[in-house]
Amino acid sequence: LDKLLDSGPLPHAVVIFIVAEILSGLDHAHHLPEDKGALGVVHRDLSPHNILLSWEGAVKIADFGLAKLQWSRYVSASVDLKGKVAFMSPEQAARQALDGRSDLFSVGVMLWEMLTGARLFAREHEDATATKWRVLTDRIVRPSVLCPVAPDLEAVVMRLLEREPDQRYPNAEATRAELLRCEDASKLARLELERILVSRFPQALARRSPPAVQPFAHEPRTRTGTAPPFDRLEARRRPRWVVLVVVACVLAVVGIGALAGFVTTRIRSSVVAPRATTSGSSGTAVPLTCPKADR
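Worth saying up front: this structure is predicted, and the values here are computed from it rather than measured.

So, about the packing of aromatic side chains. This structure, assessed with the given rule, holds one aromatic pair. Arranged with centres 6.4 Å apart and planes meeting at 15°, the rings of Phe-105 and Phe-121 form a pair that is stacked. Here Phe-105 is found in helix α4 (residues 100-116), whereas its partner Phe-121 is found in the loop between α4 and α5 (128-137), with 16 residues between them in sequence. Taking relative accessible area as the criterion, Phe-105 reaches 0% and is therefore assigned buried. Using a relative accessible area of 1% as the deciding quantity, one classes Phe-121 as buried. One Lys or Arg, Arg-159, reaches over the ring of Tyr-169 and ends 4.2 Å from the middle of that ring.

Turning our eyes to something else, we now look at the nonpolar core. Ile-18, Ile-22, Val-107 and Leu-179 are the most contacted members of the largest nonpolar core, which has 53 residues in total. Counting residues per element, the ones that place at least two in this core are α2 (12-30), β5 (59-61), α4, α6 (151-160), α7 (172-180) and α8 (189-200). Here this core gets eleven residues from one element, more than from any other, and that element is α2. Those residues in contact with Leu-179 that lie beyond four places of it in its chain are Ile-16, Val-19, Ala-20, Leu-23, Leu-111, Leu-153, Val-156 and Ala-185.

Turning our eyes to something else, we now look at the environment of Ser-54. Its location among the elements puts Ser-54 in the loop between β4 (51-53) and β5. Taking the relative accessible area as the measure of exposure, Ser-54 reaches 23% and is therefore partly exposed. Sequence-wise, Ser-54 and Glu-194 are 140 residues apart; in three dimensions their C-alpha atoms are separated by 8.3 Å. Reaching out from Ser-54, the side chain makes a polar contact with the backbone nitrogen of Ala-58 at a distance of 3.0 Å.

This brings us to the environment of Tyr-169. As for its position among the elements, Tyr-169 is in the loop between α6 and α7. On a C-alpha basis, the gap between Tyr-169 and Leu-104 in space is 7.9 Å, while along the polypeptide they are 65 residues apart. Not counting residues within four places of it along the chain, the set of residues in contact with Tyr-169 comprises Arg-101, Leu-104, Val-156, Arg-159, Leu-160, Ala-174, Thr-175 and Glu-178.

A word on unusual backbone geometry. Phi angles above zero are rare outside glycine, and Arg-95 is one such case at about 60°. By the secondary structure assignment, Arg-95 is in the loop between α3 (90-93) and α4. Of note, the phi angle at His-125 is positive, near 60°, even though the residue is not glycine. Among the secondary structure elements, His-125 is positioned in the loop between α4 and α5.

Taken together, the side chains of Val-243, Val-247 and Leu-251 make up a nonpolar region of the molecular surface, amounting to roughly 270 Å² of accessible area. Locating Val-243 in the fold gives a position in helix α11 (residues 240-270). A relative accessible area of 44% means that Val-243 is categorised as partly exposed.

As a further point, take the packing of α4 against α6. In a packed pair of helices, the relevant descriptors are the angle between the two axes and the axis-to-axis distance. Axis separation between α4 and α6 bottoms out at 8 Å; the angle between their running directions is 140°. Compared by their axis directions, α4 and α6 come out oblique. α6 is crossed by α4, and the crossing has left-handed handedness. Every residue of α6 that contacts α4 at Leu-104, Phe-105, Val-107, Gly-108, Leu-111, Trp-112 and Leu-115 is listed here: Leu-153, Val-157 and Leu-160. Residues belonging to the contact of α4 with α6 are distributed by class as follows: nine nonpolar, one polar and no charged.

What counts and what doesn't
- Residues take numbers from 1 onward in each chain, read along the sequence in its written order.
- Owing to the predicted nature of the model, reporting of local features is limited to residues with pLDDT of at least 70; listing and counting of side-chain atom pairs is limited to 80 or more, with chain, interface and lining totals taken over all residues.
- Values reported for side chains reflect all heavy atoms of the structure, with hydrogen atoms and water molecules removed beforehand.
- Between the rings of Phe, Tyr and Trp (Trp by its six-membered ring), a pair exists once the centres lie within 6.5 Å; its type follows the angle of the planes, with under 30 degrees stacked, over 60 edge-to-face, and the other angles tilted.
- Runs of H or I in DSSP of at least four residues are treated as helices and runs of E of at least two as strands, each being numbered from the N terminus.
- In this scheme, a residue with accessible area under 20% of its type's maximum is buried, one over 50% is exposed, and one in between is partly exposed, where area comes from a 1.4 Å probe on protein chains only.
- Charge-over-ring contacts are defined here by two conditions on Lys NZ or Arg CZ: a distance within 6 Å of the ring centre and an angle within 35 degrees of the ring normal.
- Here, nonpolar core means buried Ala, Val, Leu, Ile, Met, Phe, Trp, Tyr and Cys residues that are tied together by side-chain atoms lying within 4.5 Å of each other.
- The contact definition used throughout considers only heavy atoms, calling two residues in contact when any of these lie within 4.5 Å.
- Within 3.5 Å is the distance limit for a polar contact, defined as a pair of N or O atoms, with the added protein rule that one can donate a hydrogen and the other accept it, and that residues adjacent in sequence qualify only through two side-chain atoms.
- By definition, no residue in a patch forms a salt bridge, and every one has over 30% relative accessible area; like charges are joined within 9 Å, nonpolar side chains (Val, Leu, Ile, Met, Phe, Trp, Tyr) within 5 Å.
- Throughout, the Shrake-Rupley method with a 1.4 Å probe supplies accessible areas, and for residues the shown protein chains are the sole cover considered.
- A side-chain nitrogen of Lys or Arg and a carboxyl oxygen of Asp or Glu constitute a salt bridge if their distance falls within 4 Å.
- Comment: axis = line fitted to C-alpha atoms, over the contacting stretch for helices; angle = value between 0 and 180 degrees taken between N-to-C directions.
- Each angle is binned into one of four classes, with values under 35 degrees roughly parallel, values over 145 roughly antiparallel, values of 65 to 115 roughly perpendicular, and all other values oblique.
- A crossing counts as left-handed when the near helix is turned anticlockwise from the far one by less than a right angle, and as right-handed when that turn is clockwise.
- Gly is placed with the polar residues, together with every amino acid not listed as nonpolar (Ala, Val, Leu, Ile, Met, Phe, Trp, Tyr, Cys and Pro) or charged (Asp, Glu, Lys and Arg).

So, in structure tokens, the structure goes:
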């Protein structure tokens, strides 16, 4: 975002979109859940340097290295980082207790500078101590004094920049909802951001573009050990006449078996078992009878 702001002013619709996305990320961080309930972290180092923009218009909050739990009472570090002091909240500069509303003040500073193109607290060739004093004491000028800004949008900026945390918005989501209700908000702002990034940074986009895809070239088949499996199967194929001979032998065996079964069945059906008889004096067959049992 810092490089984008250096490239020139932005339409108010794009400014609203970027800040609304920042607020959405902050709301997630401030209510980061844990097993025992909401935990939440305060970023403490919000500035345009830590806001990343993708070529597709996505907005990301980076560098949570100085983030701190919301119930931690005192801040440490970052107050001596030149260039970051200009985006601190008054309570952070005074090393007081912090919550998510401290990050909202930092968002207000970024929003003020995005609308005006000027610096709110930072001055050229000024040390961090002087900048911190400006954060604590300087009167904050309305953006409309420097450039045309819609009243509803200016009201959001000035409420974010209230020095007393209780006078700011209660959380990031409430700020985002109020910001998106502004007259300059647009549903096409993300597309406009994409167009601006492409038009202002064509060389960076060219370096990002992937190389052209080369057409697939068929490699000649080989008979080496590295041949693909289907190629090895092809090498193992037998000549066609061998296959035909094997099929003929199988059919012959089946036919012979079927013929032998048929002949055996016919022979068995032609054989009749002889009737049990005894020969009489006249040579006539007399049926055998069982003798009567003795009484």
